[in-house]
Amino acid sequence: MDYQFFRVHIDQHIAEVAIHRPDKANALHQAAWDELEQIFRWLDTHEAARVILLRGEGKHFCAGIDLELLMSIQQFRAIDCDGRLREKLRRFILRLQAPINAIERCSKPVLAATHHGCIGGGLDIIAACDMRYCSADAYFTIKEIDLGMVADLGTLQRLPKLLSPALVAEMAYTGRQVAGAEAEKIGLVNRCYPDQEQLLTGVRELAAQIATKSPLSIRGIKANLRYARDHRVDDALDYMSLWNAALFISKDLEEAFMAAMEKRQAVYRD
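Report follows, based on the coordinates. (Residues numbered from 1 in each chain as written. Predicted model: local features only at pLDDT ≥ 70, side-chain atom pairs only at ≥ 80, totals over all residues. Heavy atoms only, no water.)

### Considering the sheet that holds strand E5 (residues 117–119)
At step 1: The 3 strands lie next to each other as E5-E7-E8, forming an open sheet whose pairing is mixed. Only two strands of the sheet have a single neighbouring strand rather than two, namely E5 and strand E8 (178–179).
At step 2: The pairing of E5 with strand E7 (residues 139–141) spans 3 bridges and is parallel. Bridge pairing in E7 places Gly-117 opposite Tyr-139. (Pairing = 2+ DSSP bridges. Helix = DSSP H or I, 4+ residues; strand = E, 2+ residues; numbered from the N terminus.)

### Observations regarding the pairing of strand E2 (residues 14–19)
At step 1: Of all 6 residues that make up E2, 6 are buried, and the element is covered over most of its length.
At step 2: Here E2 shows a buried face lined by Ile-14, Glu-16 and Ala-18 and a second buried face lined by Ala-15, Val-17 and Ile-19.
At step 3: The sheet contact formed by strand E1 (residues 6–11) and E2 spans 6 bridges and is antiparallel. Looking at the pairing, Asp-11 lines up with Ile-14 of E2. (Buried < 20%, exposed > 50% of the residue type's maximum accessible area, 1.4 Å probe, protein only.)

### Here's the deal with the nonpolar core
At step 1: Residues Phe-6, Trp-33 and Phe-140 are the most contacted members of the largest nonpolar core, which totals 55 residues.
At step 2: The residues contacting Trp-33, other than those within four sequence positions of it, are Leu-28, Ile-65, Leu-69, Leu-96, Pro-99, Ile-100, Gly-121, Ile-125 and Leu-153. (Core = buried A, V, L, I, M, F, W, Y, C linked by side-chain atoms within 4.5 Å. Contact = heavy atoms within 4.5 Å.)

### Focus on helix H9 (residues 215–229)
At step 1: With 15 residues, H9 should cover 21 Å at 1.5 Å per step; its first-to-last C-alpha distance of 21 Å lies within 8% of that length.
At step 2: For H9, every residue scored as buried is listed here: Pro-215, Ile-218, Gly-220, Lys-222, Ala-223 and Asn-224.
At step 3: The secondary structure elements touched by the buried residues of H9 are helix H3 (82–105), strand E4 (110–114), helix H8 (196–211), helix H10 (233–247) and helix H11 (251–262). (Expected span 1.5 Å × (residues − 1).)

### Observations concerning the pairing of E4
At step 1: With respect to burial, E4 is a largely interior element, 5 of its 5 residues being buried.
At step 2: Covered by surrounding structure in E4 are Val-110, Ala-112 and Thr-114 together with Leu-111 and Ala-113, the residues of both alternating faces.
At step 3: Inspection of the sheet shows strand E3 (residues 51–56) paired to E4 by 4 bridges, in the parallel sense. Following the sheet pairing, Arg-55 is matched in E4 by Ala-113.
At step 4: Pairing of E4 with strand E6 (residues 131–135) involves 4 bridges; the strand directions are parallel. By the bridge assignment, Ala-112 is partnered in E6 with Arg-132.

Okay, here's the thing in structure tokens:
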């Protein structure tokens, strides 16, 4: 499908989503945020897409929210009722959170390939991805503190479940940049590659490997990992039992056994 601020391409069951506002350092204005949500809602149900690679075009991965969008908040000052002003402002924030929630809720694994700047809202985006990778020139920063703001799109809620909460606090309070090598060391990214070319090659190879696996199983793994993150072990095990009771017996299971017996690569339906 054609989008104005993203490039989306599906090939061999891999969907590549590239942020395409290079003249704005891939900072996202409202129309771009809305497109991002549309894309991930579409890919969630698109059967040909089994895994998603999210990257940025141009110098930076993503510079976060376009300052023009932040300045548009001034329009709310014209509302002469405090209650209605705050109601509209809350709706504004929820609208910006929605695209990132759509990434997390997408039933397909999302692999983020980041290079150079991953700033503010860019970090919110990758925190919602399943796996993160970067090039050595990458840096990550919770920049909102330097704008007199509290990061409100998910970084403060998701990163403490990925990293040490104290480390997240340090990043949030100071706005300091975490470089690629450190990002790998602290577990913010799975792997730091020497350069952007090797980053894309490596992440595409990983995406291709995932794309050969059972789509039904991949979706089940993502659903259960997300559920387990937010629930107690006994609750998550109960959820797992219901999931497999419903979906364990499938054509994918049959194909996996047949392929193993015939010593060949399994081929799964979309």
